[in-house]
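Residue-level structure breakdown
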Amino acid sequence: AQSVTQLGSHVSVSEGALVLLRCNYSSSVPPYLFWYVQYPNQGLQLLLKYTSAATLVKGINGFEAEFKKSETSFHLTKPSAHMSDAAEYFCAVSRQWGAQKLVFGQGTRLTINP
Amino acid sequence: DAGVTQSPTHLIKTRGQQVTLRCSPKSGHDTVSWYQQALGQGPQFIFQYYEEEERQRGNFPDRFSGHQFPNYSSELNVNALLLGDSALYLCASSLANGLGYDEQYFGPGTRLTVT
């Protein structure tokens, strides 16, 4: 079975500050890991993905995440927050190979303070 | 190139009624997955369709059923609606390329309200 835990349902940072959103996963098989962003009243947009290549993954909008197997973590970071980053962020895990359902965390709402 | 489209955008139904939601996948995609996102929660996997068959199913009752058509579009049907079925229903499409990873592209969702 696979699961995802996102630490912190709400994170608030100042504009220009570091963004750190935490994600820990549990998987009995080698995982694929994803971060999605959801703006109000919209669907999900893929930010970045880990698919067993490089452990440091760069995504869109200046976000990146590092896969750490020893810590079962896949935290999302951005060096400098922008007001447009305010949204809901979801970490998700799927198995490698076969039918790949995504298992999502509960989400973290990111607020950017001016 | 059109992305994933869903219809309708919003829907209000009464308890006990039945509802059908529709999804057209991104051009070139052959696999459709459906997710339920309750308010304040992460999406939960309902089922996935490939080659017009249900390939995998999440922990949802049989009231939830689906169909995939030869053009890869899909429908989600929910019978005997409950208040707890109120949620945003997301459709995601992907291409089964056999390489171990199918990137899923999400539509904007259908907001279902059951009163």
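The subject of this paragraph is the interface of chain A and chain B. Contacts between the two partners involve 20 residues from chain A and, on the opposite side, 22 residues from chain B. Regarding the contact of chain A and chain B, the summed buried area is about 1,800 Å², with carbon and sulfur atoms giving 52% of it. Applying the counting rule to chain A against chain B returns one salt bridge. Where E103 of chain B meets K49 of chain A, a salt bridge forms, and the shortest distance between an N and an O atom there is 3.3 Å. At the level of elements, β4 (31–38) and β5 (44–50) of chain A are the ones that each hand at least two residues to the side of chain A that touches chain B. Of all the elements, β4 of chain A adds the most residues to the side of chain A that touches chain B, at four residues.

Further remarks concern the environment of G105 of chain A. Relative to the elements of secondary structure, G105 of chain A occurs in the loop between β10 (103–104) and β11 (108–113). Once the C-alpha coordinates of G105 of chain A and Q6 of chain A are considered, the two residues, 99 residues apart in sequence, prove to be 5.8 Å apart.

We now examine the pairing of strand β9 (residues 87–95) of chain A. All names here are of chain A. With eight of nine residues buried, β9 lies mostly within the body of the structure. As paired elements, β4 and β9 share eight bridges and run antiparallel to each other. Considered in β9, the bridge of V37 is made with Y89. Relative to β11, β9 runs antiparallel, the two being bridged by three bridges. Paired with Y89 across the two strands is T108, which belongs to β11.

Let us now look at the layout of surface pockets. Size it by volume and the largest pocket reaches roughly 380 Å³. Around the largest pocket, the lining is made up of 19 residues, and of these Q38, E88 and R109 of chain A together with Q37 and G40 of chain B lie nearest the centre. Tallied by class, residues from the lining of the largest pocket come to six nonpolar, 10 polar and three charged. In this structure, the second largest pocket encloses a volume near 270 Å³. K101 and V103 of chain A together with Q44, F45 and N59 of chain B are, among the 15 residues lining the second largest pocket, the residues nearest its centre. Within the residue set of the lining of the second largest pocket, elements represented by two or more residues are β10 of chain A together with β5 (44–50) of chain B. Considered class by class, the residues forming the lining of the second largest pocket number six nonpolar, seven polar and two charged.

What follows concerns the packing of aromatic side chains. A full pass over the atoms with the stated rule returns 14 aromatic pairs over all chains. On the numbers, 6.3 Å between centres and 35° between planes, the contact of F34 of chain A with Y36 of chain A is tilted. By the burial criterion, F34 of chain A is buried, and Y36 of chain A matches it. Note on F90 of chain A and F104 of chain A: the rings are 6.3 Å apart at their centroids and 90° apart in plane angle, and the pair reads as edge-to-face. Of the two residues, F90 of chain A is situated in strand β9 and F104 of chain A in strand β10; the sequence distance between them amounts to 14 residues. The pair F90 of chain A / F104 of chain A is uniform in exposure class, with both members buried. These aromatic residues form a ring-pair network of at least three members: F34, Y36, F90 and F104 of chain A together with Y35, F45 and F106 of chain B. K26 of chain B extends its terminal NZ or CZ atom over the ring of Y105 of chain B, reaching a point 5.2 Å from the ring centre. Sitting over the ring of Y50 of chain B, R55 of chain B keeps its end group 4.8 Å from the ring centre.

What counts and how
Per chain, residue numbering runs from 1 following the sequence as it is written. Both sets of labels track the order of writing: A upward for chains, 1 upward for ligands. Predicted model: local features are reported for residues with pLDDT of at least 70 only, side-chain atom pairs are reported and counted for 80 or more only, and whole-chain, interface and lining totals are derived from all residues. Side-chain calculation: all heavy atoms of the structure are included, whereas hydrogens and water are not. Note on contacts: a residue pair is in contact if any heavy atoms of the two residues lie within 4.5 Å. Here's the idea: put two parts together, see how much 1.4 Å probe accessible area each one loses, and the total over both is what we call buried area. Every case where a carboxyl oxygen of Asp or Glu lies within 4 Å of a side-chain nitrogen of Lys or Arg is listed as a salt bridge. Strands here mean DSSP runs of E at least two residues long; helices mean DSSP runs of H or I at least four residues long; both are numbered from the N terminus. Buried residues are those whose accessible area, probed at 1.4 Å on protein chains only, stays under 20% of the maximum for their type, while exposed residues exceed 50% and partly exposed ones sit between those limits. One requirement defines pairing of two strands: DSSP has to find at least two bridges between them. With a 1 Å grid laid over protein atoms only, a set of points is called a cavity when a 1.4 Å probe fits there but cannot get out and a pocket when it is open yet has protein on both sides within 12 Å along at least five of seven lines; lining residues have an atom within 4 Å of a point. Grid points are joined across faces, edges and corners, and a volume is the space filled by probe spheres set on the points. Charged means Asp, Glu, Lys or Arg here, nonpolar means Ala, Val, Leu, Ile, Met, Phe, Trp, Tyr, Cys or Pro, and polar covers whatever is left, Gly included. Any Phe, Tyr or Trp ring, taking Trp's six-membered ring, that has another such ring centre within 6.5 Å forms a pair; planes under 30 degrees apart are called stacked, those over 60 apart edge-to-face, and the others tilted. Lysine and arginine charges are scored as sitting over a ring when NZ or CZ, respectively, is within 6 Å of the ring centre and within 35 degrees of the ring normal.

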